[in-house]
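Here is how the chains run, residue by residue.
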Amino acid sequence: MFEAVVLPESPSISAIHEHAAPSVAALAVEDLSHSFGKRVALDHVSFTVPPAGFTMLLGLNGAGKTTLFSLITRLYSSRSGDIRIFGFDLRRQPTRALERIGVVFQQPTLDLDLTVRQNLRYHGGLHGMRPSDCEARAREELARIGLSDRADDKVRALSGGQRRRVEIARALLHRPSLLLLDEPTVGLDVDSRRHILAHVRALCREQDLAVLWATHLMDEAAAEDSVVVLHQGRLRASGSVREVCAETGTAALPAAFAALTAGERRP
Amino acid sequence: MSAATYWYCLRSIIVREGLRFLHQRERFFAALVRPLVWLAIFAVGFRAVLGVSIIPPYETYILYDEYVVPGLVAMIQLFNGMQNSLSMVYDREMGSMRTLLVSPLPRWYLLVAKLLAGVAVSIAQVYVFLGIAWLWGVEPPPLGYLAVLPALVLSGLMLGALGLLLSSFVKQLENFAGVMNFVIFPMFFASSALYPLWRIREGSPTLYLIAAYNPFTQAVELIRFSLYLRVDVTALLWVAGCLALFLGAAVLAYDPGRGLWARRGGPAEQA
């Protein structure tokens, strides 16, 4: 059913994931279905995200991306199918699975009236981090996003792009191995969008992170990405950009996506 | 997961709740003004109408002001419990609830931590109120201020758990006003907060029964007795039992596999 995508081993990967063999997929979704009442939101979806690298989850609004994210982050559980994070079953070992995930939700979730540092501390605490570790990690991550001097400002005072970067820093605070982002560029201007995308790509490269980035914007995908195409709750394609294009007989991803999602549109 | 992990988590949830509370000064004043209006206006007007005979835990004739204070303390906790659950619905709509629930700690623990944080805030309000009531002339025994603390924790948790349970049934923020009308007011008025149960029985035996079985009455009595250094065992058992029941149901309602979200979807899916 699912096969772990095997990447060339590198010492840094095994150093980070000493708890899991490097060949284990960061995320393995297997035959996942979920419905709300009669409405089927996800219909027998299976795919894997390699343990390092950038994976684009492409889908129009209503494709089931947010439901998928809710299930992966265990906001609620699916009726059928399995989700494994670095080999840990989300249903049976939720703690071990959730420890390895960092999430940036579609909606902004920072407390606007608290400072950046207070927000990060809250998150660190939720992950059971020792306050001194949390403080050190917050400094590191804020330096990385270039907001060290704003640590004691209220989030309300930050721009939309800055808030997003803080949310990414927050998601990385507890050193997850899989970073999930649900439409992280929605509502941002072109510059901030490009900036956020470049930032996460750099993170992915430098830290051997596995990234799953959900979007409906085709231009956010790069040639070397893996892609997963979701449409109306069903998996339409998954693989490298090249494979997906070859499969659909198209030259570029936007055309491939159009071909995969053509026809029946939801009323 | 070590014990320290749990402690850091609880601490950060309480700190956040405290910070948020400090940022909402209007909320603090509203929470304080409400019982003070009752004490300074209602109680004064009622003093003449309603004579209170000697009933436990009081050992002498008391003014109505003194009778009503424990009820108003419980009212602070009731409003707080409901306000917290209101903020849960808000957090759910706004997404910050997701941040909380992505924590790898068990969900029941996160919910209990959230409740404890709300209770800590409500207790701070209660003590400020008790201080003002003391200036007003309501002076329970000094040790009573200490003895009432465990009662406040227990009753606060119970009322908070009730709010949490209600919040899991409410789909959207707008529906919450209804809950307030149908829960807070009946609970408050059909209780021993404003008038002793024997007085209610004189008026209506049915209402007496309702009031006697009202968990809020039990919370009020638990607080009243401990403030005067007595233990009302019945009330204690009632409050503890209701806490177990409400909390159990709330944990079930927020369970990933069974809860409301799994059936109807989160806010984003409804869009």
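Residues numbered from 1 in each chain as written. Chains lettered and ligands numbered in written order. Predicted model: local features only at pLDDT ≥ 70, side-chain atom pairs only at ≥ 80, totals over all residues. Heavy atoms only, no water.

Another point: the overall build of chain B. A tally of regular secondary structure across chain B gives 13 helices and 0 strands. The C-alpha atoms of chain B give a radius of gyration of 19 Å, which matches the 18 Å a tight globule of 271 residues would have. Scored against the burial criterion, the 271 residues of chain B give a buried share of 55%. Residue pairs in contact within chain B that sit at least 24 positions apart in sequence constitute 79% of those at least 6 positions apart. Total accessible area on chain B stands at roughly 11400 Å², and carbon and sulfur atoms take up 71% of it. Of note, chain B has its 19 positive side-chain charges centred 8 Å away from the centre of its 14 negative side-chain charges. (Helix = DSSP H or I, 4+ residues; strand = E, 2+ residues; numbered from the N terminus. Rg over C-alpha atoms; globule rule 2.2 N^0.38 Å. Buried < 20%, exposed > 50% of the residue type's maximum accessible area, 1.4 Å probe, protein only. Contact = heavy atoms within 4.5 Å. Areas by Shrake-Rupley, 256 points an atom, 1.4 Å probe, with all protein chains shown as cover. Lys, Arg positive; Asp, Glu negative; His and termini not counted. Charge placed at Lys NZ, Arg CZ, Asp CG, Glu CD.)

Look at helix H1 (residues 3–23) of chain B: 30 Å from first C-alpha to last across 21 residues, which is about the 30 Å you get at 1.5 Å a residue. Along H1(B), the residues that are buried comprise Thr5(B), Tyr8(B), Cys9(B), Leu10(B), Ser12(B), Ile13(B), Arg16(B), Glu17(B), Arg20(B) and Phe21(B). (Expected span 1.5 Å × (residues − 1).)

What follows deals with the side chain of His123(A). Relative to the helices and strands, His123(A) resides in helix H4 (residues 116–126). For His123(A), a relative accessible area of 6% gives the class buried. Setting aside its immediate chain neighbours within four residues, His123(A) contacts Arg170(A), Leu173(A), His174(A) and Thr99(B).

What follows covers the nonpolar core. Leu27(A), Ile72(A), Ile85(A), Leu178(A), Ile13(B), Phe188(B) and Phe216(B) are the most contacted members of the largest nonpolar core, which has 117 residues in total. Examining the composition of this core, we find that 14 residues originate from one element, helix H3 (residues 64–94) of chain B, more than from any other. Not counting residues up to four positions away in its chain, the partners in contact with Phe188(B) are Trp38(B), Gly71(B), Leu72(B), Met75(B), Leu78(B), Ala193(B), Leu194(B) and Phe216(B). Ranked by size, the runner-up nonpolar core spans 30 residues in total, among them Leu172(A), Leu181(A), Ala221(A) and Ala237(A). (Core = buried A, V, L, I, M, F, W, Y, C linked by side-chain atoms within 4.5 Å.)

Further remarks concern the sheet that holds strand E8 (residues 210–215) of chain A. Residue and element names in this part refer to chain A. One open sheet holds the 6 strands; their spatial order is E6-E7-E8-E3-E9-E10, and the pairing between them is mixed. In this open sheet, the two strands that pair with only one neighbour each are strand E6 (101–104) and strand E10 (234–240). Put simply, the sheet's adjacent strands are angled 15 degrees from each other on average, direction ignored. In this structure, strand E7 (residues 178–182) lies alongside E8, joined through 5 bridges in parallel fashion. Residue pairing in the sheet places Leu-178 in a bridge with Ala-210 of E8. With respect to the sheet, helix H6 (residues 160–172) is in contact with E6 and E7, its orientation differing from that of E6 by roughly 165 degrees. With respect to the sheet, helix H8 (residues 241–248) is in contact with strand E9 (226–231) and E10, its orientation differing from that of E10 by roughly 120 degrees. (Pairing = 2+ DSSP bridges. Axes fitted to C-alpha atoms, helices over the stretch in contact; angles between N-to-C directions.)

Our next topic: the pairing of strand E2 (residues 39–49) of chain A. Residues and elements named next belong to chain A. Note that strand E1 (residues 27–36) and E2 share 7 bridges and pair antiparallel. What sits directly across from His-34, in E2, is Leu-42. Here E1 folds back onto E2, and the loop between the two strands holds 2 residues, one of which, Gly-37, carries a positive phi near 60 degrees.

Let us look at the interface of chain A and chain B. Many authors give the size of an interface as the accessible area that is lost as the parts come together. Facing the 38 residues of chain A at the interface are 36 residues of chain B. Of the roughly 3200 Å² buried at the junction of chain A and chain B (both faces included), carbon and sulfur atoms supply 60%. Looking only at chain A, the three residues that lose the most surface to chain B are Leu75(A), Tyr122(A) and Leu126(A), adding up to 21% of its buried area. A salt bridge links Asp111(A) to Arg16(B); the shortest N-O distance between them is 2.5 Å. Put simply, chain A and chain B have 10 residue pairs in polar contact (both at pLDDT 80 or more) between them. (Buried area = accessible area lost by both parts, 1.4 Å probe. Salt bridge = Lys/Arg side-chain N within 4 Å of Asp/Glu carboxyl O. Polar contact = N/O pair within 3.5 Å; in protein donor to acceptor, adjacent residues only side chain to side chain.)

For the rest of this paragraph, the subject is the domain arrangement of chain A. All names here are of chain A. Domain parsing of chain A yields domain 1 (1–12 + 24–100 + 177–267) and domain 2 (110–175). On a C-alpha basis, the centres of domain 1 and domain 2 stand 25 Å from each other. Taken together, the contact pairs 15 residues of domain 1 with 11 residues of domain 2. When the buried area of domain 1 at its contact with domain 2 is split by residue, Leu-179, Ile-196 and His-199 rank highest and sum to 35% of it. Scanning the region where domain 1 abuts domain 2 turns up 1 residue pair in polar contact (both at pLDDT 80 or more). Of all elements in the fold, only E7 and helix H7 (190–207) reach the threshold of two or more residues within the side of domain 1 that touches domain 2. It is H7 that contributes the most residues to the side of domain 1 that touches domain 2, 7 residues altogether. Here the side of domain 1 that touches domain 2 is built from residues that sort into 8 nonpolar, 5 polar and 2 charged. (Domains from an automatic or database assignment. Nonpolar A, V, L, I, M, F, W, Y, C, P; charged D, E, K, R; others polar.)

Remark: H4(A) packs on H1(B), axes separated minimally by 7 Å, with the N-to-C direction vectors making an angle of 150 degrees. In this view, H4(A) runs roughly antiparallel relative to H1(B), as classed from their interaxial angle. In this structure, H4(A) crosses over H1(B), and the sense of that crossing is left-handed. For the pair H4(A) and H1(B), the contacting residues are Gln118(A), Arg121(A), Tyr122(A), Gly125(A) and Leu126(A) in the first and Tyr8(B), Cys9(B), Ser12(B), Ile13(B), Arg16(B) and Leu19(B) in the second. (Parallel < 35°, antiparallel > 145°, perpendicular 65-115°, else oblique. Left-handed = near helix turned anticlockwise from the far one by under 90°.)

With that settled, the discussion passes to the pattern of salt bridges. Inspection of the entire model under this criterion finds 25 salt bridges over all chains. Through salt bridges with shared partners, one network takes in Arg137(A), Glu140(A), Glu141(A), Arg144(A) and Arg175(A).

Sheets are built from strands paired through backbone hydrogen bonds, the pairs being either parallel or antiparallel. The 4 strands lie next to each other as E2-E1-E4-E5 (chain A), forming an open sheet whose pairing is antiparallel. Either end of the sheet is taken by a strand with one partner, and the two such strands are E2 and strand E5 (88–89) of chain A.

So, on to a nonpolar patch on the surface. On the surface, Phe29(B), Val33(B), Val37(B) and Ile41(B) cluster together to form a nonpolar patch covering roughly 380 Å² of accessible area. Assignment of secondary structure puts Phe29(B) in helix H2 (residues 25–49). (Patch = residues over 30% accessible without salt bridge, like charges linked within 9 Å, V, L, I, M, F, W, Y side chains within 5 Å.)

This brings us to the environment of Ala133(B). Turning to its location among the elements, Ala133(B) is positioned in helix H5 (residues 107–136). Sequence separation of Ala133(B) and Pro70(B) is 63 residues, and the distance between their C-alpha atoms is 10 Å.

Residue and element names in this part refer to chain B. It is the contact of H5 with helix H6 (residues 144–169), at a shortest axis distance of 8 Å, that shows an interaxial angle of 130 degrees. With respect to their mutual orientation, H5 and H6 come out oblique. For the pair H5 and H6, the sense of crossing is right-handed. Taken together, the residues of H6 that come into contact with H5 (itself represented by Leu-111, Leu-115, Leu-116, Val-119, Ile-123, Val-126, Tyr-127, Leu-130 and Trp-134) are Tyr-145, Val-148, Leu-149, Leu-152, Val-153, Gly-156, Leu-157, Gly-160, Ala-161 and Leu-164. When its residues are assigned to classes, the contact of H5 with H6 shows 17 nonpolar, 2 polar and no charged.

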